[in-house]
Amino acid sequence: MSTQVKDLFAITLFDVKKIQYYSRFMFDFTQPYLTVSYIKDGEVITTDDGKEYIAKTGDVMIHRPDTPFNVISQKEGIHFLFSIELHVREGEDFFQLFPFNKVITIRDTALYEKKFDELKDMWQQKDHEQGAVQAGFLALFLLHEIVESSKIGEKRASRDTFEIARFNYALHYIEKGLERNITREELADIYHMNPVYFSRAFKQVYELTPMQMLQKMRLIQAKRMLEDQENTIEQISQKCGFYDASHFNRAFQKAFRMSPSNFRKSIKSTKNGIVPTWSADRL
């Protein structure tokens, strides 16, 4: 019994490289070919069709041609990248026939990294016909590993896809700067968006405007800090971005129907075994 493969493969490699960075911010970046970015070390947020995904060490990110994407990382990282065009069946785009997920966890990272190193060596010899052919075979091998890893991913529960809510980085930005006077315009600039459009899109996702979310996160942090009796009301109001203690008191009272001082007393009573009859979890 024999098998004959009649499909025509046309492979074009555009780049093979390793990059190292301390932090990485790319917004609305486009390129004319598909790029596979394997994360040797690090963690990034990347986008696809308006959704955000977390990609971690051992994952590959698939950046489609002529499609804007973001890559955001505040950590050090190392990526292995190759850019490719692959046509089969008389010129059909392989990646249209077999679309990949945005982020895929590689099943055997040691093997993938070993073959990538071989690909990089062959890429440096691309001016020689033998090196170019071997580079093409190695690129196909890496794509095969991605395909097989993607099949494993299809069997996982949906929570393991690492898809996260849109504008997740904005939430992270707010959380790290609660004490500052963060503006809607400042947040919109992160995504290179018009502030009005950003606010509208943000509210569609979280049912709160960016400034309402900022206030909510400040109050949540204030509740946490009130649990520590050593934090004064003045210190908490300053750390959480309120104008002064009076402003903090009014905002807290409006949100929780009690003053920060009474909330703190309720915590102390609970620790002493007395359970209050009201609920403070209104946010």
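All values reported here derive from a predicted model rather than from experimental measurement.

Basis of the calculations
- Residues numbered from 1 in each chain as written.
- Predicted model: local features only at pLDDT ≥ 70, side-chain atom pairs only at ≥ 80, totals over all residues.
- Heavy atoms only, no water.
- Helix = DSSP H or I, 4+ residues; strand = E, 2+ residues; numbered from the N terminus.
- Contact = heavy atoms within 4.5 Å.
- Areas by Shrake-Rupley, 256 points an atom, 1.4 Å probe, with all protein chains shown as cover.
- Axes fitted to C-alpha atoms, helices over the stretch in contact; angles between N-to-C directions.
- Parallel < 35°, antiparallel > 145°, perpendicular 65-115°, else oblique.
- Nonpolar A, V, L, I, M, F, W, Y, C, P; charged D, E, K, R; others polar.
- Salt bridge = Lys/Arg side-chain N within 4 Å of Asp/Glu carboxyl O.
- Buried < 20%, exposed > 50% of the residue type's maximum accessible area, 1.4 Å probe, protein only.
- Left-handed = near helix turned anticlockwise from the far one by under 90°.

## Structural notes on the overall build of the protein chain
Helices and strands together make up the secondary structure of the protein chain, namely 10 helices and 11 strands. Contacts in the protein chain between residues far apart in sequence, at least 24 positions, make up 71% of those at least 6 positions apart. Summed over all atoms, the accessible surface of the protein chain reaches about 16,600 Å², with 48% contributed by carbon and sulfur.

## Re the packing of helix α7 (residues 210-226) against helix α9 (residues 245-256)
Here α7 crosses α9 at 95 degrees, and the two axes come no closer than 11 Å. The orientation of α7 with respect to α9, classified from their angle, is roughly perpendicular. Every residue of α9 that contacts α7 at Q215, L219, A222, K223 and L226 is listed here: F248, A251, F252, A255 and F256. The residue inventory of the contact of α7 with α9, partitioned by class, reads 8 nonpolar, 1 polar and 1 charged.

## Side note on the pattern of salt bridges
All told, the structure shown has 9 salt bridges when counted by the stated rule. Note that E118 is salt-bridged to K114, the shortest N-O span being 2.9 Å. Remark: K114 and E118 occur in helix α2 (residues 109-123); sequence separation between them is 4 residues, near one turn of the helix. A relative accessible area of 47% means that K114 is categorised as partly exposed. In this structure, a network of salt bridges that share partners links the residues K114, K115 and E118.

## A word on the packing of helix α4 (residues 168-176) against α7
Running from amino to carboxyl end, α4 crosses α7 at an angle of 45 degrees, the nearest separation of the two axes being 10 Å. The angle between α4 and α7 places the two elements in the oblique class. Judged by the sense of rotation from one axis to the other, the crossing of α4 with α7 is right-handed. For the pair α4 and α7, the contacting residues are L171, I174 and E175 in the first and P210, M213, L214 and M217 in the second. Each residue belonging to the contact of α4 with α7 can be placed in one class, and the counts come to 6 nonpolar, no polar and 1 charged.

## Regarding unusual backbone geometry
A positive phi is found at D66, a non-glycine position, where the angle reads about 60 degrees. Tracing the backbone shows D66 in the loop between β6 (59-63) and β7 (69-73). Taking relative accessible area as the criterion, D66 reaches 58% and is therefore assigned exposed. For R257, which is not glycine, the phi dihedral falls at a positive 60 degrees. Along the chain, R257 falls in the loop between α9 and α10 (260-271).

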